[in-house]
Structures are given as C-alpha cells and as structure tokens.
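Given next are the chains, with one letter for each unit.
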Amino acid sequence: MIKLPDIQQKFTDIKQQVEQRVNHPYLLKYIKVPVIDKDKLLVLLSIMERLELSYNELKNYAMTTMLVQIALDTHEHISNAAVDEKNRQLTVLAGDYYSGLYYKLLAETEDNLMIKELSKGIKEVNEHKISVYRKESREIEELMTSIKRIESSLITRFSKYFKVDLWNEIIANLFFMKRLLREESQFINTGSSPLFERMKEMIFPRNKHNLNEISSEEKRELLFICGQYLDNSKQTILRGMNQLPFLNDMLEDRITSIVDEHMPIAKTLVEEG
C-alpha cells in the first residue's frame, strides 16, 4: 500500500472550495445547506492521485464533478420533501445554479471529452431515478440495479474517462452500500424509507398498510433482502480492495469504516434468535 501524505490536505482544501462555491447566501435562507458527499470527493481525488495531473487540474476535475453531483442530489430532494411552492422552486433553482457552476468550470478547461463522459453519467442517473420514481421496476434486482446506478454512475464515468475502470466495481458497490445502510437505518429507526416502501410494494403487493404498520415478519423479510445485498456488496468491496494496485491510507480507512457498519445476516439472525 502506497502512502500519500498530502491527500488529506488536498481533500480539505478542495472540500472548502466546493463549499464556498455552493453556499449562496440567498438560497441558503430558504433551502438546506447542500450536502457534499465527502466519500465521493475522496474517491475522485484517490483516482487522480496517481495520474500525471497538476494540482489545478486535479482541483478543477474534482470540483466540477462534485458540483454536478450536488446539483443531482439537490434536485432529488424535491421529490420526497413536503415543501411549499416557493421552497420547491428555490430548490430547483439551486440545483440549476450548481449545474451552471459545473458547466462554467468545465468550459474553462475546454475538455470536451470530460464534458461528454460526465453528461453520459448525468443521463444514466436521471434515467434510473425516473425508473425508480415511476415504479417501472418489476423485480427487486432491477430496483437495486437502478439504486446502484443512481449512486455511482457519475463517478464511474469519471474513472472511465481516466481509463482506470478497475475502480468501478468498488465504486459502484461502495456507494450502493452507503445508500442501503442509510435506508436500512431510517427504516429501523423511524419505520419509513423510500427504498423499503418500494420493496414492500413489490414483495407484498396485496398489503395496503403503511410501511410502519406492516407485521414484524414482513419487516424482517424486507431487512433480510436488504441484508443480502449488503452482504454481497461488502464481499465485492473487500475482494476489490485486494486487487487494486494502489490504495491510499485515507481511502482504505474510510472504506473499512463503511463496510464495518454492516453486520452479516447470519450474525444478525443469531442475535435476534
């Protein structure tokens, strides 16, 4: 494993610059502070760390990709949030504003190939969001594939551009696992979760009760299915980490922290036993 002592400083500096770009004073009066997925930023920097890029190039690529990720995430908040019309319009405006910052930065680089690749990623994310929200999936596997694409397509397109596709399996499963862990925690703690709601509709189509009103047995069934996908992703990530020719300490520690959040199904069942 190769140590990269300066990646922490690069991560901190670029994260601060992204925050400065997105924290528009007027918008923040009405909408939540945009969430910056620090793990995605760390992955982007780790992908580029071994490439022959100047700091300015690395910073620009990372910032443009993070800005469009924030724009996608901001637009997604509209679909589930019960907000008034003004806040809804401002949230749309905020997403468009972040997209505009992204296009401005990319235009300055004049990197048409990167623009093309990230545009493909945006298209993939939006197509799979539509599939999920319109409930087009008929099988759990289709639903989970869409969730995985939503969470990772932008970053996997980024790695494809730099011809380091060996990262893609880890990337896809890492961010898929993060999403499942978040949905699982929300379901366990509050009885609600957009993903678990859709799973319930698919697995128990005749059950018209709200998600928090289903039986304990049905809840266990949903958790078991989610756990299977978590198990599979965890194993894929652990295998992939051993196959990467380089992996910096900061990212390795973060990946380990994420996969350790999941308790294997067998152990969970024994403890509930």
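In every chain, residue numbers begin from 1 and rise along the written sequence. Only residues with pLDDT of at least 70 are given local features in this predicted model, and only at 80 or more are side-chain atom pairs given and counted; all residues enter the totals for whole chains, interfaces and linings. Values shown for side chains rest on all heavy atoms present in the structure; no hydrogens or waters enter the calculation.

Enquirer: How would you explain the packing of aromatic side chains if you had to name every residue and give the values?
Expert: Two rings from Phe, Tyr or Trp (for Trp, the six-membered ring) form a pair when their centres sit within 6.5 Å of each other. Planes less than 30 degrees apart are called stacked, planes more than 60 degrees apart edge-to-face, and all others tilted. Using the criterion set out here, one finds seven aromatic pairs in the structure. An angle of 50 degrees between the planes, with centres 6.2 Å apart, marks the rings of Y61 and Y161 as tilted. Pair noted here: Y61 is in helix α3 (residues 55-80) and Y161 is in helix α6 (residues 140-161), with a separation of 100 residues, a long-range link. Note on classification: 1.4 Å probe, protein chains only; a residue is buried when its accessible area is under 20% of the maximum for its type, exposed when over 50%, partly exposed between these limits. Residue classification places Y61 among the buried positions, given a relative accessible area of 12%. Aromatic side chains Y61 and F162 sit 5.3 Å apart centroid to centroid with 85 degrees between the ring planes, which places their arrangement in the edge-to-face category. Placement of Y61 in helix α3 and of F162 in the loop between α6 and α7 (168-190) is noted, with a sequence separation of 101 residues between them. Taking the relative accessible area as the measure of exposure, F162 reaches 14% and is therefore buried. Taken together through their ring pairs, the aromatic side chains of Y61, F158, Y161 and F162 make up a single cluster. Lysine NZ or arginine CZ positioned within 6 Å of the ring centre and within 35 degrees of the ring normal marks a charge as sitting over the ring. Over the face of the ring belonging to F175 we find K40, whose NZ or CZ atom lies 5.3 Å from the ring centre. A run of H or I in DSSP becomes a helix once it reaches four residues, and a run of E becomes a strand once it reaches two; helices and strands are each numbered from the N terminus.

Enquirer: For helix α2 (residues 38-49), give the residues involved together with the corresponding values.
Expert: Here α2 spans 16 Å end to end across 12 residues, near enough to the 16 Å set by a 1.5 Å rise per residue. The buried fraction of α2 amounts to 11 of the 12 residues, a majority that puts the element mostly inside the structure. Pairs of N or O atoms within 3.5 Å make up the polar contacts considered here, provided that, within protein, one atom can donate a hydrogen while the other can accept it, and that residues adjacent in sequence are counted only when both atoms are side-chain atoms. Sitting at the head of α2, D37 places a side-chain oxygen 3.1 Å from the backbone nitrogen of D39. Take the residue count of a helix, subtract one, and multiply by 1.5 Å to get its expected span.

Enquirer: Lay out the nonpolar core with the relevant residues and their values.
Expert: Counting residues in hydrophobic clusters, the biggest one holds 70 residues, and the most contacted among them are L45, W167 and M199. Contact definition: two residues touch when any of their heavy atoms are within 4.5 Å. If sequence neighbours within four positions are ignored, W167 has contacts with S46, I47, L244, F246, L247 and L251. For the purposes of this section, nonpolar cores are sets of buried Ala, Val, Leu, Ile, Met, Phe, Trp, Tyr and Cys residues that join through side-chain atoms within 4.5 Å.

Enquirer: Tell me about the side chain of S137, and name the residues and values.
Expert: Topologically, S137 is positioned in the loop between α5 (112-133) and α6. Given a relative accessible area of 3%, S137 falls into the buried group. The residues touching S137, leaving out its near neighbours within four places in the chain, are S131, E142, L143, S146, R198 and M202.

Enquirer: Can you explain the packing of α7 against helix α9 (residues 216-243)? Please cite residues and give values.
Expert: Helix axes use the C-alpha atoms of the stretch in contact, all axes being lines fitted to C-alpha atoms, and the angles between their N-to-C directions lie in the range 0 to 180 degrees. For the pair α7 and α9, the least separation of the axes is 9 Å and the interaxial angle reads 150 degrees. Viewed along their axes, α7 and α9 adopt a mutual orientation that is roughly antiparallel. Relative to α9, α7 is oriented so that their crossing is left-handed. Touching E169, I170, N173, L174, F176, M177, L180, L181, E184, F187 and I188 of α7 are K219, L222, L223, C226, Y229, L230, S233, K234, T236, I237, G240 and M241, all from α9. Here the contact of α7 with α9 is built from residues that sort into 15 nonpolar, four polar and four charged. Each angle is binned into one of four classes, with values under 35 degrees roughly parallel, values over 145 roughly antiparallel, values of 65 to 115 roughly perpendicular, and all other values oblique. Definitions for this section: a left-handed crossing has its near helix turned counterclockwise from the far helix by less than a right angle. A right-handed crossing has that turn clockwise. Classification used: nonpolar for Ala, Val, Leu, Ile, Met, Phe, Trp, Tyr, Cys and Pro, charged for Asp, Glu, Lys and Arg, polar for all others including Gly.

Enquirer: How would you explain the packing of helix α1 (residues 7-22) against α2 if you had to name every residue and give the values?
Expert: Packing of α1 against α2 leaves a shortest axis separation of 10 Å and a crossing angle of 130 degrees. Taken together, α1 and α2 sit at an angle that is classed as oblique. Between α1 and α2 lies a crossing of right-handed hand. Here I7, K10, F11, I14 and K15 of α1 come into contact with α2, specifically with K38, L41, L42, L45, S46 and E49. Its residues assigned to classes, the contact of α1 with α2 comprises six nonpolar, one polar and four charged.

Enquirer: I'd like a rundown of the pattern of salt bridges, residues and numbers included.
Expert: The term salt bridge refers to a side-chain nitrogen of Lys or Arg lying within 4 Å of a carboxyl oxygen of Asp or Glu. This model, assessed by the stated rule, comprises 14 salt bridges. Between E49 and K10 there is a salt bridge, and its shortest N-O distance comes to 3.6 Å. On the criterion of sequence distance, the pair formed by E49 in helix α2 and K10 in helix α1 is long-range, its members being 39 residues apart. Taking the shortest distance from any N to any O, the salt bridge between K123 and E127 comes out at 2.6 Å. Of this pair, K123 and E127 both sit in helix α5, four residues apart, roughly one helical turn. Since its relative accessible area comes to 51%, K123 is described here as exposed.

Enquirer: Account for the side chain of K148, with residues named and values stated.
Expert: As for its position among the elements, K148 is in helix α6. Non-local contacts of K148, meaning those with residues more than four positions away in its chain, are made with A172, N173 and F176.

Enquirer: Go over unusual backbone geometry with me, naming the residues and quoting the values.
Expert: One non-glycine residue, K135, lies in positive phi territory at about 60 degrees. Mapped onto the fold, K135 is located in the loop between α5 and α6. For K135, a relative accessible area of 39% corresponds to the partly exposed category. Of note in the backbone geometry, K163 takes a positive phi value of approximately 60 degrees without being a glycine. Take K163: it is sitting in the loop between α6 and α7. With relative accessibility at 71%, the residue K163 sits in the exposed group.

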